[in-house]
Amino acid sequence: MFTLVYKDFLLQRGAKSFVYMLVMPVVSAFAFATDLLYVILPFIAGSYLYIVYANALDDKYRAEKMFIAMPVKRSTIVVAKYMGIFCYLVVFLLAVSILSFLIKAFIPGYSDMETFTMEHFVQFLTIDVIYYGVFFPLYFKLDYQKSRWVNYIAMLLSAGLYTLATKGLSTIVNREIVSLQASLEYLSGIQAGLWNIFLPLLSILAIAASIRLSLFYYRRREF
């Protein structure tokens, strides 16, 4: 499975998207000095680039057809796609946490900015799960060529939901909603700290359901 994840990395290493994916964590780290929305948006854009180029290169080199002809289970191919974007999430957040600490410590004018916390991780995870949890089942049902617009729509959906839950709700209730957890606390009455537990659990359930749906479609897809 990790060989397939590594394959996606190797395929993208020489693509122009790889440069953009390297730049995105730097943009996110500096954005801690402004607004959390601008920290998350580069991550969503980077996730989009990772997914779209990995799938496009698989399609270009007929990688899926090759793996289907080999003794590789379809379940392994499916889970590897999910594992790949999760690895991108982990690497991105590690880079952002280190960079934000260094920026705060060594660059004048940034000493008061936030650095990466567990609350931030939960929000990144939740938004990413919404994105690829929606997209991958349709990708495995339709293939790359037919699902390209679905990928774009899923990216906009995840970014739009986060913007609505924070900036949109702030405008509606005329008070500052600074995080997804604060938004859910306002809407549900459940303390924001508890959402740091509930959201990862809900994300795990959502991804489990998404993987099962992807497997259902992929096992019935003809090549």
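Quick note: structure is the one above.
Below you will find a few notes about this structure. Bear in mind that the values here come from a model prediction, so they are computed numbers and not experimental data.

So, how was this worked out
- Residues numbered from 1 in each chain as written.
- Predicted model: local features only at pLDDT ≥ 70, side-chain atom pairs only at ≥ 80, totals over all residues.
- Heavy atoms only, no water.
- Axes fitted to C-alpha atoms, helices over the stretch in contact; angles between N-to-C directions.
- Helix = DSSP H or I, 4+ residues; strand = E, 2+ residues; numbered from the N terminus.
- Parallel < 35°, antiparallel > 145°, perpendicular 65-115°, else oblique.
- Contact = heavy atoms within 4.5 Å.
- Nonpolar A, V, L, I, M, F, W, Y, C, P; charged D, E, K, R; others polar.
- 1 Å grid on protein atoms, 1.4 Å probe; cavity = no way out; pocket = protein on both sides within 12 Å on 5 of 7 lines; lining within 4 Å.
- Points joined across faces, edges and corners; volume = space filled by probe spheres on them.

The next thing to look at is the packing of helix 8 (residues 180-188) against helix 9 (residues 192-220). One way to put it is that helix 8 packs onto helix 9 with a least axis distance of 8 Å and a crossing angle of 110°. Between helix 8 and helix 9, the crossing angle belongs to the class labelled roughly perpendicular. The segment helix 8 lies against helix 9, with L180, Q181, A182, L184, E185 and S188 engaging A192, W195, N196 and L199. A per-class count over the contact of helix 8 with helix 9 returns six nonpolar, three polar and one charged.

Following the criterion strictly, the structure yields two cavities of 30 Å³ or more and no others. In this structure, the largest cavity encloses a volume near 70 Å³. As for the largest cavity, its lining consists of L4, K7, D8, D58, E64, F67, I77, A80 and K81. A class-by-class count of the residues in the lining of the largest cavity yields four nonpolar, no polar and five charged. Roughly 40 Å³ of internal volume is contained in the second largest cavity. Forming the boundary of the second largest cavity are D8, Y50, I51, A54, N55, K81, I85 and F136. Listed by contribution, the elements that provide at least two residues to the lining of the second largest cavity are helix 3 (36-60) and helix 5 (74-106). Per-element tally for the lining of the second largest cavity: the top contributor is helix 3, with four residues. When its residues are assigned to classes, the lining of the second largest cavity shows five nonpolar, one polar and two charged.

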